[in-house]
Amino acid sequence: MVAENPAVLISQLPVIIVDGVTFGLQLALVAVGITMIFGQAHILNISHGEFAVIASVSAALLIPSIGVFPATFAGVALAAAFGGFVYKVVLLPAFRSVGEQRVLLGLFITLGLYLLLHGYFTNQFPTVYLSIRPEVQTITIMGMSFRFSAILSALISLGLLMLLAALLRATIIGKAIRAVSQNETGAEITGIPIDRMRLITFVLGCGLAGAAGIMRGLAATIGPESGIEITVLALLISVVGGVRSILGTVISGVLLGIVYMVASFLVGTFMSVVIMLLAAAVVLLSRPEGILGEFE
Amino acid sequence: MRPSSGLTSDSLKFYALLALIAVLIVLPFVFTGRYYWRILTQMAYFTVFAGSFALLFGGTNQLFLCVAALAGISAYVSGLLSLHFGLSQWLTIVIGSVMSAGVAAGLSYVSNVRKLGVAFVAILTLSFQLIFENVVTGLVSVTGGDTGFRPPTLSLGPLEATLGLELTNYFIAVSLAILWIVVRYWLLERSRWGLIMKAVKSEELASEVVGINVTRVKVIVASISGFVIGAAGALYGYFNGLVAPIYYSFASIDILSQVMAVFGGLASVMGPVIGSVIFTYINENVRYLGPISLSVYGAVLVILFSVFRNGLVSVLRRWTSLIF
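Per chain, the residues get numbers from 1 upward, laid out in the order the sequence is written. Each chain takes a letter, starting from A, and each ligand takes a number, starting from 1, following the order in which they are written. In keeping with the model being predicted, local features are shown solely for residues with a pLDDT of at least 70 and side-chain atom pairs are shown and tallied solely at 80 or more, while totals for entire chains, interfaces and linings include all residues. The basis for the side-chain values is all heavy atoms of the structure; hydrogens and waters are excluded.

Asker: For the interface of chain B and chain A, give the residues involved together with the corresponding values.
Answerer: Every residue pair with non-hydrogen atoms within 4.5 Å of one another is taken to be in contact. Counting residues at the interface gives 33 residues for chain B and 36 residues for chain A. By buried area we mean the combined loss of accessible area, with a 1.4 Å probe, across both parts when two parts are placed together. Between chain B and chain A the total buried area reaches about 3,300 Å² when both faces are included, carbon and sulfur atoms providing 83% of it. Salt bridge criterion: a side-chain nitrogen from Lys or Arg within 4 Å of a carboxyl oxygen from Asp or Glu. Counting the contacts that link chain B with chain A gives zero salt bridges. Going along the chain from the N terminus, every DSSP run of H or I of four or more residues is numbered as a helix, and every run of E of two or more is numbered as a strand. A total of 13 residues in the side of chain B that touches chain A trace back to one element, the largest contributor, which is helix 5 (residues 118-138) of chain B.

As structure tokens, this is what we get:
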């Protein structure tokens, strides 16, 4: 949808902003996983968006036989389980090395994994798109009518992000995870099982990416080829938000999501990706440590 | 340098390189026919892409994930200028390559000034690749969108009359490939640039301290590589007879050249070339698999990086040092 009339933009603005926030929160769900995994294991997961595809494609395949709720939960569980497998098996060589070498190995191994998954899904399930449509279609707030599914998706995403924040802040596991990302040696000395914390982070992060895939299917449509775009946008969001800060990630997700949707309304989808990437570049070049992040 | 039975490893390297160049020249007379010539031409372009990736990453630690975009910029600029303004293709290829060089230099400069680590250079260049793909797909009125456009055919003059179109195409591609091999050999083995790059790659801070301007080295290497990638990209467009996003996507250029470069060995001159030869052969043999071949490459990349990290050439070098 490309509109030239500014009046149309202004009247549509609340709806567009809601769409932007929804999209931004979904990307933040993916980005938070990338942020956490990078903080814990120093692995920049290029294949992270594919976990959203794993969840959404398997949910779409399962929905006809077992219904919407079990299918979506099964999809998320599958993504999480596969995350555990990737940590334990695929990334093993990366964990044998340290420092910069590990970052590089992790980068290339996950790049290869992305290709593998992308090739598999686009080839095996080229037409399996997830698109969940609740029976209530629109709701009216203050005279404006919004798409119910978009609002629902935004609320669930926000809920999940808050749940994650609470988990990291208040539980022992959360504290241990934060300890590992702040100081690996220190955490090891105090007796925290680093390997198990990393595994938990991987499973959690990949599960969140899976949930983001389902949320995308609820608010719009997600197909087998969507992985890389989700990954790149989420990577940007996590870098813009500061690679270690979860609140920063959420803020930058929402901001860039709004930029994306407004731009997409004004100039069309292709150029909106460009504008969003440029916006991210501007933030990065003016504040290389990200919105709230600390610079290593 | 370890002299052993009269052959130093340096002169061994030199003769191996000469042999490789000779093989590249002889190949189209061994594998004759249009089908082989097309594949060989493609291979020659990929030796350039893989070699550039290897020089950028293996030489100066700059992980550029936008080789396809750099090639594409030059291809689009050259093709469109020739198509709409009737300029000579050879002139527009130079203009396009200069633009690719400028973009590569810009990306490298920004990464250095901002002190982005390797992983973040990768993100920066990967997003640049995505920007490129979206812009050329989105600007339908200029670029022809998904279907691309047909650049005017390259005028090859008397060469084409004697050799025929396919062979001429091959020799254009292979002369660029050989030129790039020679330049990289000179850079890495015969000039002080080899030492400078080794220093920069292993310890940036220490290199600064001994008086190497790290930013300048990286930007210069990036612009040289950008120029060559641009030249290869533009010629590749004329060779294909079509300039479209699919030819300059991450999946079609970057992945293959990365696999080739990593398999051959990033730090060597010959590695990426050998990798290209081997993977062109593999590529033709997994073609029947269709899109799933992407998965095969993914698996190969995972295995390569897990097992073969230093590339084939280092393995070969170990073997030859046992023989000689």
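That shown, we press on.
Asker: Can you tell me about the nonpolar core, naming the residues and giving the values?
Answerer: Nonpolar cores were defined as sets of buried Ala, Val, Leu, Ile, Met, Phe, Trp, Tyr and Cys residues, with membership established by side-chain atoms within 4.5 Å. Summary of the burial criterion: residues with accessible area below 20% of their type's maximum are buried, those above 50% are exposed, and those between are partly exposed, where the area comes from a 1.4 Å probe applied to protein chains only. Of all hydrophobic cores here, the largest spans 195 residues; its most connected members are Leu24, Tyr45, Phe49, Leu63, Phe64 and Tyr248 of chain B. Of all the elements, helix 1 (residues 6-41) of chain A adds the most residues to this core, at 15 residues. Residues in contact with Leu24 of chain B, not counting those within four places in the same chain, are Met43, Tyr170, Val174, Ile178, Ile181 and Val273 of chain B.

Asker: So what's going on with unusual backbone geometry? Which residues, and what values?
Answerer: Even without a glycine there, the phi angle at His42 of chain A is positive, about 55°. Summarising the element assignment, His42 of chain A is placed in the loop between helix 1 and helix 2 (48-66). The class of His42 of chain A is partly exposed, set by a relative accessible area of 24%. Of note, the phi angle at Asn61 of chain B is positive, near 65°, even though the residue is not glycine. With respect to the helices and strands, Asn61 of chain B occurs in the loop between helix 2 (34-60) and helix 3 (67-85). The exposure class assigned to Asn61 of chain B is buried, which follows from its relative accessible area of 14%.

Asker: Could you give me a rundown of the pattern of salt bridges, with the residues and numbers involved?
Answerer: All names here are of chain B. Taken as a whole, this structure holds five salt bridges over all chains when the rule is applied. Close ionic contact of Arg34 with Glu166 constitutes a salt bridge, the shortest N to O distance being 3.1 Å. One end of the pair, Arg34, is in helix 2; the other, Glu166, is in helix 8 (residues 165-190), with 132 residues separating them in the sequence. The exposed category is assigned to Arg34, whose relative accessible area is 60%. Classification of Glu166 as partly exposed rests on a relative accessible area of 21%. Lys218 is paired through a salt bridge with Glu204; the nearest N and O atoms lie 2.6 Å apart. Here the residue Lys218 occupies a position in helix 11 (residues 214-240), and Glu204 occupies one in helix 10 (residues 204-209), the gap between them amounting to 14 residues. Judged by relative accessible area, which is 35%, Glu204 ranks as partly exposed.

Remember, this is a structural readout, not a statement about activity or role.
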